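Overview (structure and organization)
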Amino acid sequence: MEAEAARAIGAGIACLGMGGAGIGLGQIFGNYLAGALRNPSAADGQFGRLIFGFAVTEALGIFSLLIALLLLFT
Amino acid sequence: MATDPIHQFQISRWIPIEVGGLDFSFTNSAAFMVATVVGAGAFLLLTTSSRGLVPGRMQSVSEMSYEFVASMLRDAAGTQGMRFFPLVFSLFMFILTANLIGMFPYFFTVTSHIIVTFALAMLVIGTVIVYGFMKNGFGFLKLFVPEGVPGVLVPLVVLIEIVSFLSRPISLSVRLFANMLAGHITLKVFAGFVTTMGAMGAVGVAGAILPLLMTIAITALEFLVAFLQAYVFAVLTCMYLNDALHPSH
Amino acid sequence: MTGFGNALRLSSEFIAGIAVGAALGWFVDRFAGTSPWGLIVFLLLGFAAGVLNVLRSAGLVAENGLRRDGGGGRQGE
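Only a predicted model underlies this, so the values are computations on that prediction, with no experimental measurement involved.

A short note on the overall build of chain A
Of the regular secondary structure elements, chain A holds 3 helices and 0 strands. Reading chain A from its N end, one meets helices and strands in the order α-α-α. Taking 2.2 N^0.38 as the reference for a compact globule, 74 residues should give roughly 11 Å; the C-alpha atoms of chain A span a radius of gyration of 17 Å, well beyond that estimate. Seen through its C-alpha atoms, chain A measures out along the principal axes to roughly 60 × 15 × 10 Å. Counting the 74 residues in chain A, one finds 31% classified as buried. A separation of at least 24 residues holds for 76% of the contacts in chain A among residues at least 6 apart in sequence. Only carbon and sulfur atoms are counted for the fraction: they give 71% of the accessible area of chain A, which is about 4,500 Å².

A closer look at the arrangement of the chains
Looking across the 2 pairs of chains in contact, one finds the most contacts between chains B and C. There is no contact between chain A and chain B; across them, the least C-alpha separation is 15 Å.

Here's the deal with the layout of surface pockets
All names here are of chain B. In this structure, the second largest pocket encloses a volume near 610 Å³. Gln8, Pro105, Tyr106, Phe107 and Lys188 are, among the 19 residues lining the second largest pocket, the residues nearest its centre. Among the elements that line the lining of the second largest pocket, the one with the most residues is helix α5 (residues 154–198), at 4 residues. Looking at the lining of the second largest pocket, its residues break down into 9 nonpolar, 9 polar and 1 charged.

Looking at the interface of chain A and chain C
In this assembly, 17 residues from chain A lie in contact with 18 residues from chain C. Counting the surface lost from both chain A and chain C, the interface buries some 1,500 Å², and carbon and sulfur atoms represent 85% of this. Between chain A and chain C we count 0 residue pairs in polar contact (both at pLDDT 80 or more) in total. A total of 14 residues in the side of chain A that touches chain C trace back to one element, the largest contributor, which is helix α3 (residues 47–73) of chain A.

Describing the environment of Met1 of chain A
Turning to its location among the elements, Met1 of chain A is positioned in the segment before α1 (3–38). Leaving out residues up to four positions away in the same chain, Met1 of chain A has contacts with Ala6 and Ile9 of chain A.

What about the nonpolar core?
Core analysis: the biggest nonpolar cluster contains 42 residues, and Val69, Val88, Phe92, Ile95, Val128, Phe233 and Tyr240 of chain B have the highest contact counts within it. Those elements that place two or more of their residues in this core are α2 (57–77), α3 (85–102), α4 (114–136), α5 and α7 (209–245) of chain B. Ranked by residues supplied to this core, first place goes to α7 of chain B with 12 residues. Formed by 25 residues, the second largest nonpolar core is a distinct cluster that contains Leu50 of chain A together with Ile18, Ala22 and Leu39 of chain C.

Some remarks on the confidence of the model for chain A
Close inspection of predicted coordinates is inappropriate in any region flagged by low pLDDT. On average, residues of chain A carry a pLDDT of 90, and 100% of them reach 70 or more. The weakest mean pLDDT in chain A belongs to helix α2 (residues 40–43) of chain A at 88; the strongest belongs to α1 of chain A at 93.

A look at the packing of aromatic side chains
Evaluated as defined, the whole model comprises 20 aromatic pairs over all chains. On the numbers, 5.8 Å between centres and 50° between planes, the contact of Phe68 of chain B with Phe92 of chain B is tilted. Here Phe68 of chain B is found in helix α2, whereas its partner Phe92 of chain B is found in helix α3, with 24 residues between them in sequence. Its relative accessible area of 30% is what places Phe68 of chain B among the partly exposed residues. A network of ring pairs unites the aromatic residues Phe29 and Phe54 of chain A together with Phe14 and Phe47 of chain C as a single cluster.

Criteria and thresholds
- Residues numbered from 1 in each chain as written.
- Chains lettered and ligands numbered in written order.
- Predicted model: local features only at pLDDT ≥ 70, side-chain atom pairs only at ≥ 80, totals over all residues.
- Heavy atoms only, no water.
- Helix = DSSP H or I, 4+ residues; strand = E, 2+ residues; numbered from the N terminus.
- Rg over C-alpha atoms; globule rule 2.2 N^0.38 Å.
- Buried < 20%, exposed > 50% of the residue type's maximum accessible area, 1.4 Å probe, protein only.
- Contact = heavy atoms within 4.5 Å.
- Areas by Shrake-Rupley, 256 points an atom, 1.4 Å probe, with all protein chains shown as cover.
- 1 Å grid on protein atoms, 1.4 Å probe; cavity = no way out; pocket = protein on both sides within 12 Å on 5 of 7 lines; lining within 4 Å.
- Points joined across faces, edges and corners; volume = space filled by probe spheres on them.
- Nonpolar A, V, L, I, M, F, W, Y, C, P; charged D, E, K, R; others polar.
- Buried area = accessible area lost by both parts, 1.4 Å probe.
- Polar contact = N/O pair within 3.5 Å; in protein donor to acceptor, adjacent residues only side chain to side chain.
- Core = buried A, V, L, I, M, F, W, Y, C linked by side-chain atoms within 4.5 Å.
- pLDDT = per-residue confidence, 0-100.
- Phe/Tyr/Trp six-rings, centres within 6.5 Å; stacked < 30°, edge-to-face > 60°.

Laid out in structure tokens, this is it:
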């Protein structure tokens with residue numbers, strides 16, 4: 001197999017990791033919404049923690065994006 | 001192809017002009033920019049020319065738009081910021097009129113091209129940088145050093161703030177561009193459903209009522225988006241200008 | 001502001017941060033020859049800047065103690 005093709009395939013496989021981050025983000029926002037609908041008055045106060053969870057989860061997705069970009073552009 | 005939803009964004013040369021190998025052609029985009037400027041200017045001039053003490057209906061529309069932008073700027077940047085009123089008001093009126101003109105069928109939407117919105121955003125950020133350095137000198141760099149950060153973290157935070165500052169023109173331009181592009185494509189796709197279903201006989205015509213209603217609803221939504229995006233652009237411009245006026249956190 | 005507009009605004013802020021970080025890192029690598037470290041460092045910095053942008057436009061990090069635009073994150077509830 002050519003090295004260039006192997007790189008492109010590797011970048012594609014690395015992007016699968018972002019799917020995991022996507023599942024995690026869906027869980028976070030879904031659970032936030034479920035909690036917010038049960039107790040709307042507490043929802044505003046938890047928005048910061050929502051963003052915190054979003055950032056930590058998305059960081060893992062960014063790592064796999066990083067691997068993909070490294071494979072493609074270096 | 002008539003039902004191609006991307007076709008409406010194509011730029012065509014109306015009057016080809018070439019100077020020294022560079023393409024300065026008068027395109028449909030340029031024509032609608034001229035139409036936008038002329039339309040906005042003529043509206044403001046004609047409606048306020050009577051100078052009634054008790055404003056008529058159209059005059060009060062002009063005065064409302066003036067008051068709207070003025071109070072927005074005063075809230076965000078204080079009375080010092082009022083020197084930027086001509087810039088902010090022109091930007092607001094240009095984007096609003098361009099968005100609204102784009103809502104006419106067969107008309108070209110100037111703001112659905114990223115280079116146009118990016119140029120507008122760079123104008124804003126360029127003004128912020130130039131004026132910030134002119135007024136504050138190197139004190140403008142305090143913008144990147146927030147207070148109350150422990151000493152070890154300062155280089156990291158400064159780098160993050162710089163990247164955040166650099167991402168402003170991108171997000172400003174991409175937001176306006178993406179909203180207008182997505183809205184017009186959605187509109188075109190749903191309108192395309194009406195014609196394709198209408199061609200399928202009596203059942204198709206009955207079924208075409210649904211996408212037709214959808215098209216009407218999306219048109220109304222698009223008018224809202226056209227206004228909102230002009231508003232958001234102007235508000236963010238005010239906030240960035242405020243950074244130029246008062247850089248220290 | 002509509003919920004759709006709000007979502008587009010927040011996501012464009014986040015993505016702009018990452019895009020600018022990646023572009024900066026790529027240029028740094030290209031001109032300083034520090035491949036691949038520039039891309040790694042600046043992409044992560046861009047990610048942090050994106051989160052900061054989101055927090056700012058949601059009104060959670062006060063910027064200069066002034067009024068925020070359009071209500072931001074308080075609007076959806």
